[in-house]
Amino acid sequence: MHKRFAVVLLVLGSVLTPGLSAAAQATIGMVRNSAGAATVTRGGQVLPAAAGTKLEAGDLLNTGSDGSLGVILRDNSTLSIGPGSRLILRSFVFSPAEGKLGLFFQLSRGTLSYLSGLIGKLAPESARFETPVASIGIRGTRFAMKVDE
Amino acid sequence: MSSSGASSGSHGIPRTLTACFLVLLLTSACATSSPRGTFILLPDESGKTGAIIVSGKEGERILTEPRQAVRVAPGIPPGEPFVLSEKEVLAVAGPALEALPKPPVLFILYFKHDSTELTEKSLAMVQDVMRTIRIRAPVDISVVGHTDTVGDRPYNFQLSLKRAKAIAALLIAKGVDPSILEITSHGKDNPLVPTGDQVHEPRNRRVEVTVR
């Protein structure tokens, strides 16, 4: 019940947060490294995910059977996915000055590893990963998961 | 017409559908295969292990030990947690773990009182910042200005903005592409060392540069 509420607040927060600049607000992180087939799908468009590719909330990350992808998020957390993975960056809010923090990502298949950053330090209960079988709350710091379809 | 075909069995339910319901009862999955998840808690680079909470529909497990794992399948409570060897961890998530980027590097540059001039020590540190930027390129850099609590909020917001802009200008002069810099000002709101209001604190007069 509380969790659902938090997610709703997060989504509202990301919509209503007045931005410093549109670009800074929209970018939630950057692809740091990629190998094999790795793409970002945004608004129906499929873009190659290469080192330096900027990421936004709502982006879908996909890797092929030879693909992998490493990402650094704005709160200094790091995330990666292995081959055959599908991850939606559903929402991400990082405005510590206003006390607005949150992360909600969904892995529907494949593997993922994550090392928490400032959101994990400042508001661990607001970071959440979801899979088809379970959701993960993080109390620090590094973990891995695999979803078999 | 398809409905008349479907109800051509003895009591209106086709045999295949009945079989499917039985399978559904046994495995809680019929047409689609059911997903399964494996969740593993790992120590960080410094060897510290935190905790994760794995919540399924049928229950939750809290993992607190290094390389402790739990398997979850739909319709049944999460299994008993168990500890994996390092080799087993790699067998589950090796390629993902190999792709995990190094954590970003944070530099804290300090300023003289009510000034956009760096302390001598911090001025020397700018070289380290530049070296890290070159080694890690392509990077994305955030430059966040802060002040101590002396003075009012609007004044300090402007002062820490000037500090952040001064550092950004310094990095740009040394060849950093302005488009990879994100400048933010926090004024007196996020002190590194918490103090009361109107307190001189050199450690709070700073710009935090994060190289990602």
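Here the structure is a predicted model, which is why all the values come from computation and not from measurement.

**Quick look at the overall build of chain B**
Here comes step 1: Broken down by element type, chain B carries five helices and nine strands.
Here comes step 2: Along chain B, helices (α) and strands (β) appear in the sequence α-α-β-β-β-β-β-α-β-α-β-α-β-β when read from the amino end.
Here comes step 3: Counting only residues that meet the buried cut, chain B has 29% of its 212 residues in that class.
Here comes step 4: A sequence separation of at least 24 residues applies to 56% of the contacts in chain B between residues at least 6 apart.

**A closer look at the interface of chain A and chain B**
Here comes step 1: Contacts between chain A and chain B engage 42 residues on the former and 43 residues on the latter.
Here comes step 2: When residues of the side of chain A that touches chain B are traced back to their parent elements, those giving at least two are β1 (27-35), β6 (68-73), β7 (78-81), β9 (100-115), β11 (134-138) and β12 (142-148) of chain A.
Here comes step 3: For the side of chain A that touches chain B, the element with the most residues is β12 of chain A, which contributes seven residues.
Here comes step 4: Within the side of chain A that touches chain B, the residues separate by chemical class into 21 nonpolar, 15 polar and six charged.
Here comes step 5: Where β12 of chain A meets strand β1 (residues 36-42) of chain B, seven bridges bridge the pair, whose relative direction is antiparallel. Pairing of Arg-142 of chain A across the sheet is with Leu-42 of chain B, part of β1 of chain B.

**Brief notes about the sheet that holds strand β9 (residues 206-211) of chain B**
All names here are of chain B.
Here comes step 1: Reading across from one edge, β6-β9-β7-β8 is the order of the four strands in this open sheet, with mixed pairing throughout. Lying at the two open borders of the sheet, with one neighbouring strand each, are β6 (105-110) and β8 (181-185). Going across the sheet, the axis of each strand differs from the next one's by a mean of 15 degrees, ignoring polarity.
Here comes step 2: Its contacts with the sheet put helix α4 (residues 120-136) on β6, β7 (141-145) and β9, and the angle it makes with β6 is roughly 160 degrees.

**Section: the environment of Ala-137 of chain B**
Residue and element names in this part refer to chain B.
Here comes step 1: With respect to the element layout, Ala-137 can be found in the loop between α4 and β7.
Here comes step 2: For Ala-137, a count of 13 C-beta atoms within 10 Å corresponds to the partly exposed category.
Here comes step 3: Between the C-alpha atom of Ala-137 and that of Arg-212, which follows or precedes it by 75 residues, the distance is 8.9 Å.

**A short note on the domain arrangement of chain B**
Here comes step 1: The domain boundaries assigned to chain B delineate domain 1 (1-33), domain 2 (35-99) and domain 3 (105-211).
Here comes step 2: Of note, the centres of domain 2 of chain B and domain 3 of chain B, computed from C-alpha atoms alone, are 39 Å apart.

**Re the pairing of β9 of chain B**
Residues and elements named next belong to chain B.
Here comes step 1: Among the six residues in β9, five count as buried, and that is most of the element.
Here comes step 2: Sheet topology note: the β6/β9 ladder contains six bridges and is antiparallel. For Phe-107, the partnering residue across the bridge sits in β9 and is Val-209.
Here comes step 3: Where β7 and β9 come together, five bridges link them in antiparallel fashion. What sits directly across from Ser-142, in β9, is Thr-210.

**Remarks on helix α5 (residues 153-173) of chain B**
Three or four residues apart is the spacing at which side chains of an α-helix point the same way, because the helix has 3.6 residues per turn.
Residues and elements named next belong to chain B.
Here comes step 1: With 21 residues, α5 extends 30 Å from end C-alpha to end C-alpha; this agrees with the ideal 30 Å at 1.5 Å per step.
Here comes step 2: Of the residues making up α5, those classed as buried are Asn-156, Leu-159, Ser-160, Arg-163, Ala-164, Ile-167, Ala-168 and Leu-171.
Here comes step 3: Structurally, α5 contributes buried residues whose contacts are with β6, β7, β8 and β9.
Here comes step 4: Where α5 terminates, the next one or two residues include Gly-175, which has phi positive at roughly 110 degrees.

Each value, and the rule that gives it
Residues numbered from 1 in each chain as written. Chains lettered and ligands numbered in written order. Predicted model: local features only at pLDDT ≥ 70, side-chain atom pairs only at ≥ 80, totals over all residues. Helix = DSSP H or I, 4+ residues; strand = E, 2+ residues; numbered from the N terminus. Buried ≥ 20, exposed ≤ 12 C-beta atoms within 10 Å, placed from the backbone. Contact = placed C-beta atoms within 7 Å. Nonpolar A, V, L, I, M, F, W, Y, C, P; charged D, E, K, R; others polar. Pairing = 2+ DSSP bridges. Axes fitted to C-alpha atoms, helices over the stretch in contact; angles between N-to-C directions. Domains from an automatic or database assignment. Expected span 1.5 Å × (residues − 1).

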